[in-house]
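# Structural characterization, general
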Amino acid sequence: MRGEETTKDIPATHPRHLSLMTRARLTEGVRQGMTSFDGLIAHGRGEAFDYLLGERTHDFALRSIEAATAHFLTADHPVISVNGNTAALVPAELVMLAELLDSPLEVNIFHPSPERELLIRDHLIAHGARKVLLSEKEVTLPFLDSNRRFVNSRGIYRADLVFVPLEDGDRCEALIRSGRKVITIDLNPLSRTAQTASVTVVDNIVRALPLLLDRVKQLNSFAQTSLHEILESYDNRSVLYEAERVLRGEEGLRNKRK
Ligand code: PTJ
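## A look at empty space enclosed by the protein
Scanning the entire structure with this criterion turns up one cavity of 30 Å³ or more. For the largest cavity, the calculated volume is near 30 Å³. Lining the largest cavity are V107, N108, I109, E117, S135, K137, N147, R148 and F150. Counted by class, the lining of the largest cavity contains three nonpolar, three polar and three charged residues.

## Concerning the packing of aromatic side chains
Summed over all chains, the structure comprises one aromatic pair. A ring pair is formed by F72 and F163, whose centres lie 5.5 Å apart and whose planes are at 90°; its orientation type is edge-to-face. Placement of F72 in helix 3 (residues 59–74) and of F163 in strand 4 (residues 161–163) is noted, with a sequence separation of 91 residues between them. Neither residue differs from the other here; F72 and F163 are each classed as buried. Looking at K137, its charged tip hangs above the ring of F150, at a distance of 4.2 Å from the centre. Its guanidinium or amino end placed over the ring of F143, R177 lies 3.9 Å from that ring's centre, counting from NZ or CZ.

## Re the site of the ligand
In the vicinity of the ligand lie 23 residues, with G84, F110, H111, R116 and D186 positioned nearest. G84 has a polar backbone atom sitting 2.9 Å from an oxygen atom of the ligand. The contact in question runs from an oxygen atom of the ligand to an N or O atom on the backbone of H111, over 2.9 Å. When the free accessible area of the ligand is taken as 740 Å², the share hidden by the protein chains comes to 94%. With respect to the pocket detection grid, the ligand is positioned in the largest pocket. Listed by contribution, the elements that provide at least two residues to the shell around the ligand are helix 2 (37–52) and helix 4 (84–89).

## Some words on the pattern of salt bridges
For side chains bearing opposite charge, pairing can occur when the charged atoms are close. A complete count under the given rule lists 16 salt bridges for this structure. The salt bridge partner of R130 is E99, with a shortest N-O separation of 2.9 Å. Taken together, the residues span a long stretch of sequence, with R130 in the loop between helix 6 (114–126) and strand 3 (132–133) and E99 in helix 5 (residues 91–101) at a distance of 31 residues. Look at R130 and you get exposed, because its relative accessible area is 68%. A relative accessible area of 36% places E99 in the partly exposed class. One salt bridge in this structure joins R192 and E173, with 3.5 Å as the shortest N-O distance. Taken together, the residues R192 in helix 8 (residues 192–196) and E173 in helix 7 (residues 170–177) connect sequence positions 19 residues apart. Residues joined in a network through salt bridges with shared partners are R148, E167, D168 and R171.

Calculation criteria
- The written sequence of each chain sets the order in which its residues are numbered from 1.
- Per-residue local features are limited, in this predicted model, to residues with pLDDT of at least 70; the limit for side-chain atom pairs, both in listing and counting, is 80 or more; totals at the level of whole chains, interfaces and linings are taken over all residues.
- Working from all heavy atoms in the structure, the side-chain values ignore hydrogens and water.
- A pocket, in this scheme, is an open set of points on a 1 Å grid over the protein atoms alone with protein on both sides within 12 Å along at least 5 of 7 lines, while a cavity is a set where a 1.4 Å probe fits but cannot get out; residues line either one if an atom lies within 4 Å of a point.
- Grid points are joined across faces, edges and corners, and a volume is the space filled by probe spheres set on the points.
- Any residue that is not Ala, Val, Leu, Ile, Met, Phe, Trp, Tyr, Cys, Pro, Asp, Glu, Lys or Arg is counted as polar, Gly included; the first ten are nonpolar and the last four charged.
- Only centres within 6.5 Å qualify two rings of Phe, Tyr or Trp (six-membered ring in Trp) as a pair; their planes then separate them into stacked at under 30 degrees, edge-to-face at over 60, and tilted for everything else.
- Under the DSSP-based scheme used, a helix requires at least four consecutive residues in state H or I and a strand at least two consecutive residues in state E, with every element numbered from the N terminus.
- Throughout this description, buried means an accessible area under 20% of the type-specific maximum (1.4 Å probe, protein chains only), exposed means over 50%, and partly exposed covers the range between.
- Placement of a positive charge over a ring is assigned whenever Lys NZ or Arg CZ falls within 6 Å of the ring centre and within 35 degrees of the normal to the ring plane.
- Any residue with a non-hydrogen atom lying within 4 Å of a molecule or strand is treated as near it.
- By the criterion applied in these results, polar contacts are pairs of N or O atoms within 3.5 Å in which, for protein atoms, one can donate a hydrogen and the other can accept it, and in which residues neighboring in sequence qualify only through two side-chain atoms.
- Per-residue and other accessible areas follow the Shrake-Rupley method at a 1.4 Å probe size, with only the shown protein chains counted as cover for residues.
- Cavities and pockets are treated as containing a molecule whenever more than half of the molecule's atoms lie within 2 Å of their grid points.
- What counts as a salt bridge is simple: a side-chain nitrogen of Lys or Arg found within 4 Å of a carboxyl oxygen of Asp or Glu.

Okay, here's the thing in structure tokens:
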């Protein structure tokens, strides 16, 4: 495939080195057949929001990370859903989260492709994953028509909490309607997923996931009552409101950007 020039010769001194390297992970994901072409467009949309957010983790995102952690540590059956973008961007971090929570990773993709599902599974295994579930054609989520309705009976189907970063909207609504809690990471606070999820971390997944891992390690020893207190005081609406204000430039919080 053409386009191999995108992964090499990005000088470390380039002012947008991190952003270019992140893009390269996705283009490499496409070359490997793991990430969809649509995934590149989705990333471009994310980049635009990230630019307006100043490409940094805001306090509202830290509050969401705290609440997400409390949800993970109080859930009975948390499951981590992986698509073609997250597999390319943060495979090691997803595997680490699954280890810390002792919960399964489940490949669940929007654009149907059995080949891509297997490539994503193999990529996660290559990064140390012990348990990666695939969808089962006879097991479906209610309230959903897309390919994402196919789930695994030992994974999302029986989960009480599902982590769905970089989601496309419909499934988040379906999961909430069927009584599950949903944690997402989405740079767009106006997206349907962001608006519907139980906890929305408005941040770039490449920054947010390492912070989430740290928080899970820190709060792991907390009593369940303290975790429930965190959840009771958390307000997703106010997080989304604050994120939108930053995007609209109303907070004067935007950083100088490169
Ligand atoms: O692998 P598949 O087939 O499951 O497809 C995955 C994509 C991401 C293509 C699919 O789920 C999709 O089309 O998603 P959407 O509807 O474009 O939504 C993705 C959301 O993630 C958008 O709101 C983006 O702003 C956001 N986003 C993109 N990149 C990042 C991000 N949020 C956080 N970190 C990012 N790096």
